[in-house]
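Observations on chain architecture
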Amino acid sequence: MTQSPIVQQGVRLASPLAIAVAIYLLFAGHNNPGGGFAAGLVLGSVVALRVITGVDRPAWGSELVAGGLLIVLAVAVAPVLWGDTVLDQKIVSSTLPILGKVKTGSALPFDIGVTAIVVGLVILVLQGLHAEHYAGEPSSDHKGVDR
Amino acid sequence: MHLFLLALHVGGIIAAAWAGRRSMRLALAAAGIAPAAAAAWAATLMVRGTDSSDSTVVTWVDRFDITFRFTSGPVALMMTLLVSGIGALVFVYAAGYFAPTAKGATNFPATLLAFSASMLGLVWADSVWTLFIFWEFTSVTSFLLVGYKNTDAAVLASARRALMITGAGGLVLLAGLLLLASEAGTTTISQMEPVAGSTAALAAILVMVGAATKSAQVPFHVWLPGAMAAPTPVSAYLHSATMVKAGVLLIALVGRLFTGSESNGLPWGWLGIAFGTASVFWGAIGALRHTDAKLILAWGTVSQLGLMITLLSVGSGKAVFAATSIVFAHAIFKAALFMIVGEIDIRTGTRQIAELGGLARSMPVAFGVAVVSGLSMAGVPPLLGFAAKEAAIEAVLKLSGAEQIVVGATVIGGSVLTVAYTTRFLVAVFGAGPATKVAPRRLLMTVPAVTLAALSLVGFVLAPSINKILTPAASVFNPDSSVYELIRWPGLKTAFVISIAIMVVGGVLGWILTGRKASAPAPIGANLADRTLDGILIGSREVTAVVQHGSLPVYLATMISVAVGATVPFVFDGGTSHLVLWNSPLQGLVVAGILGSALAGAFVNSRLGAALALGAVGTGMSALFFIQGAPDLALTQLLVETIIVVGFVIGLGHLGREFPPVQTAWKTVRIVISLLAGTGVALALAAAGRQPVGSPPLQTIAEQSVETGGGNNIVNVILTDLRALDTLGEVVVLATVAFGVAALARARHSEEVAS
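Residues numbered from 1 in each chain as written. Chains lettered and ligands numbered in written order. Predicted model: local features only at pLDDT ≥ 70, side-chain atom pairs only at ≥ 80, totals over all residues. Heavy atoms only, no water.

1. Considering the overall build of chain B
Each helix and strand in chain B was counted, giving 29 helices and 2 strands. Overall size of chain B, expressed as C-alpha extent along the three principal axes, is 110 × 60 × 50 Å. When burial is assessed residue by residue, chain B has 50% of its 755 residues classed as buried. Long-range pairs, those at least 24 residues apart, make up 78% of the contacts in chain B between residues at least 6 apart in sequence. Across chain B, the centroid of the 41 positively charged side chains sits 16 Å from that of the 33 negatively charged ones. (Helix = DSSP H or I, 4+ residues; strand = E, 2+ residues; numbered from the N terminus. Buried < 20%, exposed > 50% of the residue type's maximum accessible area, 1.4 Å probe, protein only. Contact = heavy atoms within 4.5 Å. Lys, Arg positive; Asp, Glu negative; His and termini not counted. Charge placed at Lys NZ, Arg CZ, Asp CG, Glu CD.)

Spelled out as structure tokens, the structure:
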């Protein structure tokens, strides 16, 4: 694994940018290319880069998957509570300061749930492939990198 | 009311599970409330007169007629009295049976109540779905109860055997009920009309076999003696009064559908008589051979259940009435007898009749209960069992021809043997012999047993009241039964003369057999069942070892070969007239890149190089998508490729840098499969493009996505709105995969740590 400080610093600097792109994709998805799955993949790539360069090793994959699943299921079931069919779309439109007219719907939380599941999946897979990095004790080959 | 009572049971289960952690008695008390309430409800309705409109219907899936239907008809009320009345007594009895500090107290009362609730749902059921679901619930809860002492391997084997036989029977029953429902055109049992024809015949066979497994009919009876490993309150409840009656009840309920017309040629009647007759005799013989008092009762139950099924299969009004009476009488006397055997077990520490003796003096109350209940079982006046057996003999006298000979031999021969094993049981356990040391009496065990014994007597004395329960119930099974009742004093008619002869012959036979010291027979049937089960397990393990060999390349080769097979039908469907070289030359350029990367991936020796080459192929694909005007697809593909390459790089850390050398033959196979796959898919795609079916619903979707989805990106609106259910399913798959990966990694990691 590359544990060059320059690469690490680069990844650190690039992360917020990538997260911004992910958030943009999440919101833009309704009208432009993007969406929850793409946003999740971008965030997943960020996580993967950070893991591979040894910047950090997130361990909350299960929580993300479970949380995302709960959100998605809640969005699916909620319409039933007020008598609509499962997964019925609710559209809310309002005018906010700065952003102007904003139109969104229950598809947004649904997409957020999808994003969370994808990121969680990526983390869990990385954890699985990379188990020794998550084992608690740092393994011999990157003792100096652990923060 | 049904739902309220079921909710009361569920509440009781929760309360009992909670209280069980503190005290067994508290949990049993908490659990006993719901059955007592249900019994009181049934008794009230009986006194007030039944109101057939008091049924509960909960529709689940309307289109498939999947509906929960509970009825309060006469049958439901009679069975509720038995299930919940005896249930409440069993909870009292269990409080005496278990030491107050018994271990595993947490589960037992709650599980027993869960069984009780399942049984209620079963006897109330008026739809095949409801019936089947609660039928399976009773199988599962009974498995848990039989395996209560789950530290003993023999007990676990018995519990497993019971579950396997009744569970397999449940599947057979499901098939039968589905066929019946489709033939009858409704799933509501009470609305079904008699059926005929070959499908109905198949349904009849399947339902009868399913019922026979539950009601322990030869040759499926092997689970019942094993189930005696359960604590005695369970046996008194499940194996005498309730669960084993489920099959009998089912045969009674659907019998009128299969015997409706005399000449419809259904195998129902004779199949039932075959099961019943075999069970009457083999069960009674078992009861005469065994030396464990509890097993004697269990084998006797097989015999009695056979008698009920024989009479029900005859189907005449009188026979059905007799069977209904025996169901009622048997539940009462057999539960009492089991309670006494449990008391003997607790107070003397053994159930072997050879080790018991002189209990008539040391356990006078138990002796009294056993005599009353035993004589009711043997059909001696003035007890309920006598009146029921008289009805059976009268039913036989009304038959004619071969049916009279077979059924008559069964009823009379079975009764003789019943008197014989009852005599042997009473004499061997309570009669002369070495006086067994006896622990003090437990009041909580005595009270329910005495109550039930008193019912056998009172039921006879108050036969007119009991008739108000039995006759309406029997009339549901067969309207012709409505004219019959239990008769206390028949006068010196043929039936009574036969009864007296039965008592004399049976008593003498029993007396003779008591003197013979025999050792218990080997459980051949049970062993056979266990070996069959083991054989199935071993066989499936071997099949798994062959099919799931664990070699990834072979798995891949298999999957791809199957995919190639799937393309074969398209290969000759081709034609090239509709194909164009490209829409824009840019595509040609990208494809050239893809081809180059693919070739590089195939030939490069380094694993990392291959991973990168594959990534390049994927990226090229996303470029193609983009050129075709699918930016969403392109974006997603690109991101997926990125992540997969990263995953490869991390994963490759565990493997060598280079691919291991491959044998030439295997390499050839792989090349052939690859070429076939590539060609097949290409041809299939070409063929699919030639014959588009219908016109793509693009316009509709585009309009819908703006109107109802509120978005301009059709792809995303499809994912999150129009086809959101698909997405939901997909993310659930993703989540499952995620947790699967995590579990696998954890298992591997702990293996590595351990080694």
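2. Quick notes on the overall build of chain A
Broken down by element type, chain A carries 5 helices and 2 strands. When burial is assessed residue by residue, chain A has 44% of its 147 residues classed as buried. Here the analysis covers contacts within chain A between residues at least 6 apart in sequence; of these, 64% occur between residues at least 24 apart. Element-wise, carbon and sulfur atoms account for 69% of the exposed surface of chain A, whose accessible area totals about 7400 Å². (Areas by Shrake-Rupley, 256 points an atom, 1.4 Å probe, with all protein chains shown as cover.)

3. A few points about a nonpolar patch on the surface
Taken together, L492, V497, I500, V504, V505, V508 and I512 of chain B make up a surface patch of nonpolar side chains, about 640 Å² in accessible area. Among the secondary structure elements, I500 of chain B is positioned in helix α20 (residues 494-515). (Patch = residues over 30% accessible without salt bridge, like charges linked within 9 Å, V, L, I, M, F, W, Y side chains within 5 Å. Salt bridge = Lys/Arg side-chain N within 4 Å of Asp/Glu carboxyl O.)

4. Concerning the interface of chain A and chain B
Taken together, the contact pairs 46 residues of chain A with 40 residues of chain B. In this structure, the connection of chain A to chain B is made through 0 salt bridges. At the junction of chain A with chain B, the criterion picks out 0 residue pairs in polar contact (both at pLDDT 80 or more). Elements that contribute at least two residues to the side of chain A that touches chain B include exactly α2 (36-52), α3 (61-81), α4 (107-129) and α5 (131-134) of chain A. Of the residues that constitute the side of chain A that touches chain B, the class distribution is 31 nonpolar, 12 polar and 3 charged. (Polar contact = N/O pair within 3.5 Å; in protein donor to acceptor, adjacent residues only side chain to side chain. Nonpolar A, V, L, I, M, F, W, Y, C, P; charged D, E, K, R; others polar.)

5. Here we look at the packing of helix α11 (residues 268-289) of chain B against helix α12 (residues 293-314) of chain B
All names here are of chain B. Between α11 and α12, the least distance of the axes is 7 Å, while the angle of their chain directions is 160°. Considering the angle they form, α11 stands roughly antiparallel to α12. In this structure, α11 meets α12 at a crossing whose hand is left-handed. On α12, the residues touching G269, G272, I273, G276, T277, S279, V280, W282, G283, A284, G286 and A287 of α11 are I296, W299, G300, V302, S303, G306, L307, I309, T310, S313 and V314. Residue classes in the contact of α11 with α12 are distributed as 11 nonpolar, 12 polar and no charged. (Axes fitted to C-alpha atoms, helices over the stretch in contact; angles between N-to-C directions. Parallel < 35°, antiparallel > 145°, perpendicular 65-115°, else oblique. Left-handed = near helix turned anticlockwise from the far one by under 90°.)

6. Topic: the domain arrangement of chain B
Each domain of chain B was delimited in the assignment, giving domain 1 (270-517), domain 2 (590-692) and domain 3 (694-755). Each of domain 1 of chain B and domain 2 of chain B has a C-alpha centre, and these two points are 76 Å apart. (Domains from an automatic or database assignment.)

7. Details of the packing of aromatic side chains
All names here are of chain B. For the structure on display, the rule yields 17 aromatic pairs over all chains. Here the aromatic residues W41, F70, W124, F134 and F137 are joined through ring pairs into a cluster of three or more. Here the guanidinium or amino end of R22 rests over the ring plane of W18, the centre of that ring lying 4.3 Å away. (Phe/Tyr/Trp six-rings, centres within 6.5 Å; stacked < 30°, edge-to-face > 60°. Lys NZ or Arg CZ within 6 Å of the ring centre and 35° of its normal.)

8. Considering the confidence of the model for chain A
In regions of low pLDDT, the predicted coordinates are not meant to be interpreted in detail. This prediction gives chain A a mean pLDDT of 77; 71% of its residues lie at or above 70. Contacts for the low-pLDDT stretch residues 135-147 of chain A, under 50 throughout, to residues beyond four places or in other chains number 15 contacts. (pLDDT = per-residue confidence, 0-100.)

9. Points about helix α18 (residues 443-461) of chain B
Residue and element names in this part refer to chain B. Helix length check: α18, at 19 residues, gives a terminal C-alpha distance of 26 Å against a target of 27 Å (1.5 Å per residue), a fit within 8%. Burial in α18 covers these residues: M445, T446, P448, A449, L452, A453, S456, G459 and F460. Contact partners of the buried residues in α18: α3 (74-97), α13 (317-348), α15 (364-378), α16 (384-397) and α19 (463-477). (Expected span 1.5 Å × (residues − 1).)

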